[in-house]
Amino acid sequence: MSSPDVVPVSLAEIARIAGVGRAAVSNWRRRHDSFPTRIGGTDVSPQFSLAEVEQWLRDNGKLRDVGGKELLWPRFELLGSRNESGLAVAEAARRMRSSRARISHAELSPQARELVAEAAKLGRAEGPRDTFEFLLQRWLETHVRQLSTTPPPLATLMTRIALTARLGPQDGGLTVLDPACGTGHLAAAAAQEYDGPGLELLACERDPALAALASARLGFVADDRHIRTRIATADALREDPFTGAKADIALCNPPFNERDWGYEELATDQRWTHGLPPRTEPELAWVQHLLSHLKPGGVAVVVLPPAVASRKAGRRIRGSLLRTGALRAVVSLPPGSAQPHSVSLQLWVLRAAADGPAAPPPSQDALLVDATGFARPGTREPSPDWDALGSFVLTALATLDHPDQEPPESAARVPLLDLLDDEVDVTPGRYTASASEPSSKELANKWSEFGLLLTDLADQAQHLSVLDVETCTQQTTTTVGDLVKAGALTLRAGQQPPEKTAAVNGNAVPLLTIADLLLDGAPSGLLTTASAPTLAEEGDVVVAGVIRAFKAWVHEGAPMALGPQLYTLRVDSEKLDPHFLAGCLRAPANGRQAGTHASSSSRVDIRRLQVLQLPLEKQMVYADTFRRLRAFEALIVRAERSGKGLVSDMSDRLAAGGLAT
């Protein structure tokens, strides 16, 4: 067991420190008797002493290109508490910017204070801002399940929308407000996007650790640009720290679905000019809070769950927002744009009435934009194509104050008379769905593509149907376990990842789980490369070890992380063909025989799976047929999907009276 003074690190953390993959660390551990011994954890997830690991890496020349940040982070993680580690990172940033700064959070432990001093010293040596951003990112990754942050691309898009849509003077400085700022992503994006003079950032956050981190982040921004910043730690709805302050733009990603938002004590608040928000509609309280802080012509862009656009309880307030022209646009984002990643969140664009002779007349419509089609395919929680999404949304919003300009496809300018019905539903898809219907030419092309699929399917069926396939009881087989012992393949089990993140960057790999296979077969998220316990490389055979999701295939493409009950088999190419191996393994009877008990939730003992014993040249013949069988299966799936799509499109056309008689 480790002592209280020892900092434990995992294999993934060692890989980060050394700047290598986890497989390399596992190899070091096997090949070098001098590698530090385990001090804790389990055989599957061992832990080692950071000091011993650092010394070993230095002695073996593995730390030449690695900075001290990676060695520092595990000690922040050892603080344990999310709040204390976050406050310590923020305090370190203050000390990096000014060596004379004093500790502002007296509750920090002596251990945290000592760590703050070391981090500040390292930051001044290696670059204060880079060091802080590294520590902040690691802190966010470690606590990703407890936090909801605004991805930088979304923060940038929201800022550009607000800057584009606001009215009034454009050269007299800019005040930006974020009343639920988290760690300051939106305010930082505003500082980056606005290059004019006189920028002031007003931000508020009720979580002390998040507020301290936002203050630290915006402190670096202020140093670079001489920007005025005011960061408050408070609940903006209950205790508005900026009462009376007015902003040119407001950006907000508020907390969702909170029932205890202050309904009773705020019942007579003057901010509710469009009506008292129902107890179940806290998001509409945030909407009116933002509007109360806008200058004439000012714009607020807020992230909201899609239910806010249609819930019955909020229809009266939605109606008032539309009638007064405050709600100017609603944009439906693709799933994966922000947490929760499985939901198609919305951006509401709100604008305070402008004054003066140049003010536009009251609006008679609202712009509804359906941008859900800009998700990158291939993952269950897809990351949007941010470049295409941003261009489309900004193009659509450019028509906001120009009635003579037609919005692009999948966007519609909807008259208020059509919106102010009994439901006051402002969900964009309800009004833009017709724009996505295929034209007659597109429908004809779909039928043509379906015909080609059927032709390919018939060709594969013809080839497979003439094969001489007989039952053979005398063929010798072996097991995966025996092949592992013989060195013909290596077997690795997938594991529960230590962390999961939606961030898209050059060090990320997709994560596949059993749940993904049961849903649509696409990876459900991303992991940093170093934190991925088990990676499937191109040419590896991947096997799902549960009967209800049992399958085996040869992985193609970039590396992919595997979750629990998934396995990767890497063959010796001089002894085994991977397609032959995968074809043998995925036989349904093979999985049932290797199951641990007779139910759909049965696990498969991978080592008991049977494989034909054939020389390599005969394996190649089998492999070719297995590939044809997989291609046949894929064609069936594509034909089914295409056929259902055609039935849906044709049914819509016929129900609308589109049949020429």
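On a predicted model such as this, the values are computed, not experimentally measured, just so you know. (Residues numbered from 1 in each chain as written. Predicted model: local features only at pLDDT ≥ 70, side-chain atom pairs only at ≥ 80, totals over all residues. Heavy atoms only, no water.)

1. Brief notes about the sheet that holds strand S19 (residues 551–554)
Through backbone hydrogen bonds, the strands of a sheet pair up, either in parallel or in antiparallel fashion. This is how the line gets drawn: Two strands qualify as a pair provided DSSP detects at least 2 bridges between them. Numbered from the N terminus, helices here are DSSP runs of H or I no shorter than four residues, and strands are runs of E no shorter than two. Note on method: axes are straight lines fitted to C-alpha atoms, helices fitted across the in-contact stretch only, with angles between N-to-C directions ranging 0 to 180 degrees.
An order of S14-S21-S18-S19 is seen for the 4 strands of this open sheet, with the pairing classed as antiparallel. What marks the edges here is a single partner per strand, and that holds for strand S14 (489–493) and S19. Along the sheet, successive strands turn relative to each other by an average axial angle of 20 degrees, direction set aside. Bridge count between strand S18 (residues 541–544) and strand S21 (residues 566–571): 4 bridges; the pairing is antiparallel.

2. Considerations on empty space enclosed by the protein
Quick note on the threshold: A pocket, in this scheme, is an open set of points on a 1 Å grid over the protein atoms alone with protein on both sides within 12 Å along at least 5 of 7 lines, while a cavity is a set where a 1.4 Å probe fits but cannot get out; residues line either one if an atom lies within 4 Å of a point. Grid points are joined across faces, edges and corners, and a volume is the space filled by probe spheres set on the points. In this classification, Asp, Glu, Lys and Arg are treated as charged, Ala, Val, Leu, Ile, Met, Phe, Trp, Tyr, Cys and Pro as nonpolar, and every other residue, Gly included, as polar.
Using the criterion set out here, one finds 2 cavities of 30 Å³ or more in the structure. The space that makes up the second largest cavity amounts to roughly 30 Å³. Arg206, Asp235, Leu237, Arg238, Glu258, Trp261 and Trp286 together form the lining of the second largest cavity. Across the lining of the second largest cavity, the residue classes tally to 3 nonpolar, no polar and 4 charged.

3. Remarks on the confidence of the model for the chain
What counts, and what does not: Within a predicted model, pLDDT stands for the predictor's per-residue confidence, ranging from 0 to 100. Contacts are assigned to residue pairs that have any heavy atoms within 4.5 Å of one another.
With 90% of its residues at a pLDDT of 70 or more, the chain has an overall mean of 85. Counted against residues more than four places away or in other chains, residues 499–506, with its pLDDT under 50, gives 22 contacts.

4. Here's the deal with the nonpolar core
Quick reminder of the rule: As used here, the term nonpolar core means buried Ala, Val, Leu, Ile, Met, Phe, Trp, Tyr and Cys residues forming a set that is joined through side-chain atoms within 4.5 Å. Working definition: with a 1.4 Å probe on protein chains only, accessible area under 20% of the residue-type maximum means buried, over 50% means exposed, and in between means partly exposed.
By size, the foremost hydrophobic cluster in this structure holds 48 residues, and its most contacted members are Leu347 and Val393. A per-element tally of this core places helix H8 (residues 152–165) first, with 7 residues. Setting aside its immediate chain neighbours within four residues, Val393 contacts Leu157, Ile161, Val331 and Ala371. One finds Leu266, Leu294, Ala352 and Val424 within the second-largest nonpolar core, a separate group that totals 45 residues.

5. Digging into the packing of aromatic side chains
Operational definition: The rule is short: rings of Phe, Tyr and Trp, with Trp giving its six-membered ring, pair when the centres are within 6.5 Å, and they are stacked under 30 degrees, edge-to-face over 60, tilted in between. For a lysine, the NZ atom is tested; for an arginine, the CZ atom; a charge sits over a ring if that atom is within 6 Å of the ring centre and within 35 degrees of the ring normal.
Scanning the entire structure with this criterion turns up 10 aromatic pairs. Put simply, the rings of Trp28, Phe35, Phe48 and Trp56 pair up and form one aromatic cluster. One Lys or Arg, Lys551, reaches over the ring of Trp553 and ends 5.4 Å from the middle of that ring.

6. Some thoughts on the environment of Val621
Positionally, Val621 belongs in helix H21 (residues 616–655). Take Val621: its relative accessible area is 54%, and that puts it in the exposed class. A sequence separation of 41 residues divides Val621 from Phe580, and the C-alpha atoms of the two residues are 8.5 Å apart.

7. Regarding the sheet that holds strand S9 (residues 327–332)
With mixed pairing, the 9 strands of this open sheet are ordered in space as S6-S5-S4-S7-S8-S10-S9-S11-S12. Each of the sheet's edge strands pairs with one partner strand only, and the pair in question is strand S6 (228–233) and strand S12 (411–415). Recorded for the sheet is a direction-independent mean angle of 15 degrees between the axes of neighbouring strands. Two strands pair when backbone bridges link them, and strand S5 (residues 199–205) and S6 are joined in this way by 6 bridges, in the parallel orientation. The residue of S6 that forms the bridge with Leu202 is Arg230.

8. So, the layout of surface pockets
What the largest pocket holds in volume is close to 2000 Å³. Contributions of two or more residues to the lining of the largest pocket are made by S19, helix H19 (578–585), helix H20 (588–593), strand S22 (610–612) and H21. In terms of residues, the lining of the largest pocket owes the most to one element, H21, which gives 13 residues. Taken together, the residues of the lining of the largest pocket break down into 26 nonpolar, 10 polar and 12 charged.

9. Quick notes on helix H7 (residues 128–142)
We apply this condition: Expected span of a helix, by definition, is 1.5 Å for each gap between consecutive residues, and there is one gap fewer than residues.
The terminal C-alpha atoms of H7, which comprises 15 residues, lie 21 Å apart, in line with the 21 Å expected from a rise of 1.5 Å per residue. Within H7, the full set of buried residues consists of Thr131, Phe132, Phe134, Leu135, Leu136, Arg138, Trp139, Leu140 and Glu141.

10. Details of the side chain of Thr159
By the element assignment, Thr159 lies in helix H8. Not counting the four nearest positions on each side in its chain, Thr159 is found in contact with Leu186, Ala189, Ala190, Glu193 and Leu251.

11. Some remarks on the pairing of S21
For S21, the buried fraction is high: 5 of the 6 residues fall into the buried class. Bridge analysis of S14 against S21 gives 5 bridges, and the strand direction is antiparallel. Of the residues in S21, the one forming a bridge with Ala493 is Tyr567.

12. Overview of the environment of Pro241
Position of Pro241 among the secondary structure elements: in the loop between S6 and strand S7 (247–252). Taking the C-alpha atoms as reference points, Pro241 and Leu202, separated by 39 residues in sequence, lie 9.7 Å from one another. Ignoring sequence-local partners within four residues, the contact set of Pro241 consists of Cys204, Ala232, Ala234 and Ala236.

13. Section: unusual backbone geometry
In terms of backbone geometry, most residues other than glycine have negative phi values and most peptide bonds are trans. Here the amide bond leading from Gln339 into Pro340 is cis, since omega sits at -5 degrees, within 30 degrees of zero. By secondary structure assignment, the location of Pro340 is in the loop between S9 and strand S10 (346–351). Phi is positive for Ser410, close to 75 degrees, though the residue is something other than glycine. Structurally, Ser410 is set in the loop between helix H13 (386–397) and S12. Even without being a glycine, Val424 presents a positive backbone phi close to 50 degrees.

14. Details of helix H12 (residues 315–323)
Within H12, burial applies to Ile317, Arg318, Gly319, Ser320, Leu321 and Leu322. In this fold, the buried residues of H12 make contact with helix H11 (282–292), S9, S10, strand S11 (365–370) and helix H14 (416–419). The first or second residue beyond H12 is Gly325, which carries a positive phi of 80 degrees.

15. Describing the pattern of salt bridges
Counted only if it meets this: One speaks of a salt bridge when a side-chain nitrogen belonging to Lys or Arg is within 4 Å of a carboxyl oxygen belonging to Asp or Glu.
Here the structure, examined in full by the defined rule, presents 27 salt bridges. Arg82 is the partner of Asp207 in a salt bridge, and the nearest nitrogen-oxygen pair spans 2.6 Å. Of this pair, Asp207 sits in the loop between S5 and helix H10 (208–225) while Arg82 is found in helix H5 (residues 82–97), placing the two residues 125 residues apart along the sequence. One exposure class covers both Asp207 and Arg82, and it is buried.

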